[in-house]
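The residues making up each chain are set out below.
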Amino acid sequence: MAEEGTQENTAAQAAPQVQMRVLSQFIRDMSFENVMAQKGVSGEVQPEIAVQVNLDAKKRTVDHQYEVAIKLNLKSKAKGLEDVLFVFEIDYCGLFHIEGVPEDQLHPFLMIECPRMLFPFLRRIVSDVTRDGGYPPVNLDNIDFVALYRNELMRRQAEAQKAEA
């Protein structure tokens, strides 16, 4: 019985331990264009919001450090009208120290786990900025980064197949 425990401990020690630390977070770029306020229009409006999300990740020059960015674009129109209320764009980044992730799993890790860590902070910024802009605060729904990653892989495969044809 003691041998089994020893074998399990040895196996656990042999597998690399994944380590991830958020070193910093920052807004690289942000724009909130309050179109309705510029036009001088006021009053109650019901916004309809279209959200686009793009992700980017790149290795930094320091070993085991990566920069991951969530690029969010929100465009809001008045419900039932074509009038644009506001356009909000933000490029929110995090610097991560990551060790122990196998090379073949690093890309999905960067594009799924890292954005998951950043998203609550980004959500808060979006809520605060839209509220301070005079609209009901936009509380973004959770983003399924796994589905987003899979969709991007399928899109790239489809493009590659079109290029071959």
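None of the values given here were measured: they were computed from a predicted structure.

Colleague: Help me understand the nonpolar core in this model?
Modeller: A general trend in soluble globular proteins is that nonpolar side chains are found buried together. The biggest cluster of nonpolar side chains holds 34 residues, and the ones touching the most others in it are Leu72, Ile98 and Val126. Mapped by element, the contributors of at least two residues to this core are β2 (47–59), β3 (65–78), β4 (84–99), α3 (103–132) and α4 (145–164). Per-element tally for this core: the top contributor is α3, with twelve residues.

Colleague: Looking at this structure, how should I read the side chain of Thr130?
Modeller: As for its placement among the helices and strands, Thr130 is situated in helix α3. Residue Thr130 is classed as buried on the basis of its relative accessible area of 0%. With residues near it in sequence (within four places) discarded, Thr130 still touches Phe32, Phe86, Tyr135, Pro136, Pro137 and Val138.

Colleague: What should I look at first to understand the pattern of salt bridges in this one?
Modeller: Charged atoms that come close allow side chains of opposite charge to pair. For the structure shown, the criterion picks out ten salt bridges. With its nearest N and O atoms 3.0 Å apart, the salt bridge here joins Glu113 to Arg116. Of this pair, Glu113 and Arg116 are both found in helix α3, three residues apart, which corresponds to roughly one turn of the helix. A relative accessible area of 28% places Glu113 in the partly exposed class. Here Arg131 makes a salt bridge to Asp132, at a shortest N to O gap of 3.2 Å. With a relative accessible area of 42%, Arg131 lands in the partly exposed category.

About the cut-offs
Residues numbered from 1 in each chain as written. Predicted model: local features only at pLDDT ≥ 70, side-chain atom pairs only at ≥ 80, totals over all residues. Heavy atoms only, no water. Core = buried A, V, L, I, M, F, W, Y, C linked by side-chain atoms within 4.5 Å. Buried < 20%, exposed > 50% of the residue type's maximum accessible area, 1.4 Å probe, protein only. Helix = DSSP H or I, 4+ residues; strand = E, 2+ residues; numbered from the N terminus. Contact = heavy atoms within 4.5 Å. Salt bridge = Lys/Arg side-chain N within 4 Å of Asp/Glu carboxyl O.

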